[in-house]
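# Chains, contacts and geometry: an overview
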Amino acid sequence: MFEFQQYLGFLLFLTILTIGFWLMIFLVGFVHYWLGGAIMELIKEKRAKKDAE
């Protein structure tokens, strides 16, 4: 069975793993949002330039 030190190490491992997982999910969502906005702005600029000509 687990000793107390092993139990604390296991809880620390699970905590770090969980924090890393949610941070990865947040960053992936943020990057997709950022790239989507940048692409939309690029399309708007190209359309505005084309309409101005």
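Thresholds applied
Residues numbered from 1 in each chain as written. Predicted model: local features only at pLDDT ≥ 70, side-chain atom pairs only at ≥ 80, totals over all residues. Heavy atoms only, no water. Helix = DSSP H or I, 4+ residues; strand = E, 2+ residues; numbered from the N terminus. Rg over C-alpha atoms; globule rule 2.2 N^0.38 Å. Buried < 20%, exposed > 50% of the residue type's maximum accessible area, 1.4 Å probe, protein only. Areas by Shrake-Rupley, 256 points an atom, 1.4 Å probe, with all protein chains shown as cover. Lys, Arg positive; Asp, Glu negative; His and termini not counted. Charge placed at Lys NZ, Arg CZ, Asp CG, Glu CD. Patch = residues over 30% accessible without salt bridge, like charges linked within 9 Å, V, L, I, M, F, W, Y side chains within 5 Å. Salt bridge = Lys/Arg side-chain N within 4 Å of Asp/Glu carboxyl O. Phe/Tyr/Trp six-rings, centres within 6.5 Å; stacked < 30°, edge-to-face > 60°. UniProt positions renumbered as here; feature names shortened; annotations may be inferred.

Here the focus is the overall build of the protein chain. Helices and strands together make up the secondary structure of the protein chain, namely 1 helix and 0 strands. Its C-alpha radius of gyration of 23 Å places the protein chain more than 25% over the 10 Å reference for a compact globule of 53 residues. Seen through its C-alpha atoms, the protein chain measures out along the principal axes to roughly 75 × 10 × 5 Å. The burial tally for the protein chain puts 0% of its 53 residues in the buried class. Carbon and sulfur atoms provide 74% of the accessible area of the protein chain, an area that totals close to 5,400 Å². Charge centroids of the protein chain, computed over 5 positive and 5 negative side chains, lie 13 Å from each other.

With that out of the way, let us pick up a nonpolar patch on the surface. On the surface, Leu-23, Phe-26, Leu-27, Phe-30, Val-31, Tyr-33, Trp-34, Leu-35, Ile-39, Met-40 and Ile-43 cluster together to form a nonpolar patch covering roughly 1,200 Å² of accessible area. Relative to the assigned elements, Leu-27 resides in helix 1 (residues 4-52). With a relative accessible area of 42%, Leu-27 lands in the partly exposed category.

Before going further, it helps to examine the packing of aromatic side chains. Counting across every chain of the model gives 2 aromatic pairs. Their ring planes at 70 degrees and their centres at 5.1 Å tell us that Phe-21 and Trp-22 sit as a pair that is edge-to-face. Under the relative-accessibility criterion, Phe-21 is labelled partly exposed at 41%. What makes Trp-22 exposed here is its relative accessible area of 53%. Geometrically, the ring pair formed by Phe-26 and Phe-30 is stacked, given 6.3 Å between the ring centres and 20 degrees between the ring planes. Of this pair, Phe-26 and Phe-30 both sit in helix 1, 4 residues apart, roughly one helical turn. Residue Phe-26 is classed as exposed on the basis of its relative accessible area, which comes to 55%. In this structure Phe-30 comes out as partly exposed when scored by relative accessible area, which is 45%.

Before going further, it helps to spend a moment on the UniProt feature "transmembrane region" (unreviewed entry) in the protein chain. What UniProt calls "transmembrane region" (unreviewed entry) maps, in this numbering, to residues 7-35. As annotated, residues 7-35 has a helix share of 100% and a strand share of 0%, and its two end C-alpha atoms lie 42 Å apart.

A few words now on the environment of Ile-43. Mapped onto the elements of the fold, Ile-43 is located in helix 1. Spatially, the C-alpha atom of Ile-43 lies 52 Å from that of Leu-8, the residues being 35 residues apart in sequence.

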